[in-house]
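Below are the chains, spelled out letter by letter.
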Amino acid sequence: MGRILMDGNEAVVRGALYAGCRFFAGYPITPASSILSGMLEALPPTGGIVMQGEDEIASIGYCLGASMAGLKAMTATSGPGISLYSENISFAIGSEIPLVIVNVMRQGPSTGAATRGADGDVHFMRWGNSGGLPVIVLAPTCAADCFSLTAHAFNLAERFRCPVFVASNKEIGMTRETVDLDALERPPAIGRTIHREGDYLPFAAQGPDGVPAFLPIGGDVPVRQTSSMHGPDGYITTDPQVMQTLVERLKNKVEAHADEFSFHELDVQEGARTLIVSYGVTARAARAAVARLRDRGTRVSLLVLKTLWPVPERVIREAAEEADRVLVVEMNLGQVVHEVRRVVCTKRVDFFGLMCGRLIRPSEIVQEVCRD
Amino acid sequence: MTSLLNPSRPPVFCPGCSHERSLHVLDKAFQDLELRPEDVVIVSDIGCSGLFDVFFHTHAFHGLHGRALTYAAGIKMARPHLKVVVTMGDGGLGIGGAHLLAACRRNVDLTLLVLNNFNFGMTGGQFSCTTPPSARVGSGFLNELEHPMDVCRVAAAAGAPFVVRRSVFDPDLRQKLVEALEYPGFSIVDVWGGCPGRYMKKNPLPPKELEGLVEAAGRWDGVVQENAREEYRSAYALKMGNATPAPIPQGTEPSFEAALSEPFGVVLLGAAGERVISAGNLLAEAALRGGLHVTQKNDYNITVMRGPSITEVLLSPQPIVFPGIEDPAVIVALASDGVARRKDLFAAAEERTLVIRAADVDIPSCRARCLDVDFKAAGIGKKDRALASLVLIARTAGIFSVDQILQALRQTAPEKLHPAMEEVLHKAAALAETCRG
Ligand code: SF4
């Protein structure tokens, strides 16, 4: 297959097609627009549907309808669009609608700098829904990751029936780079579990972390879907016990399985007392910084997180075991650092971040490590 | 004929609520069409009209306020055989205005029932987008200041091909619902009714008076001739069937070995319209064919036809860890717009950096070596400078030959552009000879 030049957004499109995406809706927004155009080129000629919504609210609304009708669905936007997605993200969480949401992050707040990258939406993606129940957020570092993490995102969305974010960044989405097609990770594509036998209760699940089996709206058996608090039968309820059981299950079904999809890269150096933690495009600056530091004899370890939510607590704790100091580097003013602090508790945790629209440089990370 | 009403969930509206009457008329219409539960999905909005999905034992989808039309369109696109019925009140109409307009324009085969009772019943009788200014409602004087919206005129103006307005008491409402459900396209039925629980407490609305109001506003009877056209999903299917799948780009095996042992960063600083990004693309393609790893970042203003246009291409014999160019090997100054945007590069430039400067472009003083190039004298126009500069870069750095750039060009650029682009590259090769030393 050889190598190809492709940007992160093209890789997302390729990953979505590989994973079996059949429905895409989006609204144009820099720096995510080329995902919309890429899907439009690829999907309709093979029988899939692509729609351009009248706004972001409509775009995600179309996706929720199509997903409940049984199609694997994806949408893509940037920070201002995530704001408008919010109410429907809550809906997808609470009513267990599989959906992949690509957020090609740009510098904010608000309309910010449309053509400049940042990772300022990390907490927003997690907490920007009413009710505060968990979502899954995967963070690519490069175009190759965009491919494989988009494929993983579909698998996770289908398996757990929940929204899954691909947290890209302008600096990945719109940066072209050589990608070795032979070396791409291609996780086998899976679909949602289908209800096979017996009466169908649309939200009946096995156990405290179970996921309900699916039947599509429009199939032979009438299916109920609702954004309201509901019991297993899909009818509205105010029964405290039913409600508590549901919200706990929505939390558990994702968080109890976090270890199964805590994607990361850990590069440990024997005897290193400092651990750098980073993610996204900044992880690449961190890798370069680590090489330079080691060249000059400074011992340092590196943890690159590719799953941001649920927080890969076990991975972080184990990676930090030998360290006296953890340095978290992010393209924002400090978000994942709070989670790392929470997880490693007693250790010293420092932070370095910029949100000025340019990449954090390896030299700056080297300097921060040496500041000790 | 069997009712599609849900035997386990009998309707619960306030006594005398017109929604209950609408519910039964809709059920009758379903029966007239001999629809089965699995043939229908009720997509309901928020408010009292949002209870409709519960009272039928069809497919049901109840979502957020104002968004029902969006879910419905997604469902219909995925399952074209389904009868998709949307119920919303005048509240949903107001908050979902953009979706109403889009549904009218797009003409997906949905049937929208607007259960129009001139107020927000469920939340306490506040005014909505259809409340008359003379009504006394739960929003103080605010409704007196706003003009109510005529749903049917708005829908028709936005392109809805089938528009009906009836009072809930009208004997032909059932027939009109049947027609709306059968219409192959977007149909909207504006059903006027009373809300005894809220609105009618201070605004009595006996059936006769309601009929009179509908009469005054104008009855709409169905097909809006000037808006009649092909339904969206069918038109979409036709386009889909005729489209050829775009080929999925495959990988390229190296065809030569580029002469490069260290990472090599190139920054082209130009202006919009100078094909700077295309030149960057070609450089990247040539490098790919030479077995190199590449990253390419572009920067241009959102105003596409003006301002700076910059491409940063990093070439490396090893996989590229950090995609930024910290220390460019070559900076090409093609236009003052680009130079102004990236003054920082000149300030940071070292002696080992090469600046290729178009003779008519000023650059900040810097420590870099400078090669002045008179593109104009060589017969190379502004639009071709970026392309020409690739030859100068290739020659000065010795990474690849002009032939190797030509080869990449032939394999990646549209064929009709080849002669002109090749001519530029040949002129640039001649120019490079004169620039030596
Ligand atoms: S509040 Fe009004 S609309 Fe709601 S059920 Fe009562 S009468 Fe009907």
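Reading the values: the criteria
- Residues numbered from 1 in each chain as written.
- Chains lettered and ligands numbered in written order.
- Predicted model: local features only at pLDDT ≥ 70, side-chain atom pairs only at ≥ 80, totals over all residues.
- Heavy atoms only, no water.
- Domains from an automatic or database assignment.
- Contact = heavy atoms within 4.5 Å.
- Buried area = accessible area lost by both parts, 1.4 Å probe.
- Salt bridge = Lys/Arg side-chain N within 4 Å of Asp/Glu carboxyl O.
- UniProt positions renumbered as here; feature names shortened; annotations may be inferred.
- Helix = DSSP H or I, 4+ residues; strand = E, 2+ residues; numbered from the N terminus.
- Patch = residues over 30% accessible without salt bridge, like charges linked within 9 Å, V, L, I, M, F, W, Y side chains within 5 Å.
- Areas by Shrake-Rupley, 256 points an atom, 1.4 Å probe, with all protein chains shown as cover.
- Axes fitted to C-alpha atoms, helices over the stretch in contact; angles between N-to-C directions.
- Parallel < 35°, antiparallel > 145°, perpendicular 65-115°, else oblique.
- Left-handed = near helix turned anticlockwise from the far one by under 90°.
- Nonpolar A, V, L, I, M, F, W, Y, C, P; charged D, E, K, R; others polar.

Trainee: Go over the domain arrangement of chain A, please, and point to the residues and values.
Mentor: All names here are of chain A. Here chain A is described as being made up of domain 1 (1–261) and domain 2 (265–370). Taken together, the contacts link 31 residues of domain 1 with 24 residues of domain 2. Both sides of the domain 1 and domain 2 interface together cover about 2,300 Å² of buried area, and 57% of this is carbon and sulfur. Looking at the side of domain 1 facing domain 2, the largest losses of area belong to D119, H123 and T141, adding up to 26% of the total buried there. On the surface where domain 1 and domain 2 come into contact, there are 3 salt bridges.

Trainee: Can you lay out the UniProt feature "domain: Pyruvate/ketoisovalerate oxidoreductase catalytic" (unreviewed entry) in chain B for me, pointing to particular residues and giving the numbers?
Mentor: According to UniProt, the "domain: Pyruvate/ketoisovalerate oxidoreductase catalytic" (unreviewed entry) feature falls on residues 276–425 of chain B. End C-alpha to end C-alpha, residues 276–425 of chain B measures 15 Å, and it is 39% helix and 21% strand.

Trainee: Outline a nonpolar patch on the surface, listing residues and values.
Mentor: A cluster of nonpolar side chains, F141, L142 and L145 of chain B, forms an exposed patch at the surface whose accessible area comes to about 330 Å². On the secondary structure map, L142 of chain B appears in the loop between β4 (111–116) and α6 (151–158).

Trainee: Talk me through the UniProt feature "domain: Thiamine pyrophosphate enzyme TPP-binding" (unreviewed entry) in chain B; I want residue IDs and the actual numbers.
Mentor: Per the UniProt record, "domain: Thiamine pyrophosphate enzyme TPP-binding" (unreviewed entry) is found at residues 56–191 of chain B. Taken as a whole, residues 56–191 of chain B contains 33% helix and 21% strand, while its terminal C-alpha atoms sit 19 Å from one another.

Trainee: Can you break down the packing of helix α3 (residues 56–68) of chain A against helix α3 (residues 68–78) of chain B residue by residue, with the values?
Mentor: Following both chains from N to C, one finds α3 of chain A and α3 of chain B inclined at 45 degrees, their axes separated by 6 Å at the closest point. On the basis of their axis angle, the class for α3 of chain A and α3 of chain B is oblique. For the pair α3 of chain A and α3 of chain B, the crossing hand works out as right-handed. Residues A58, G61, Y62, L64, G65 and A66 of chain A of α3 of chain A form the contact with α3 of chain B, whose participating residues are T70, Y71, A73, G74, I75 and A78 of chain B. Split into classes, the residues belonging to the contact of α3 of chain A with α3 of chain B amount to 8 nonpolar, 4 polar and no charged.

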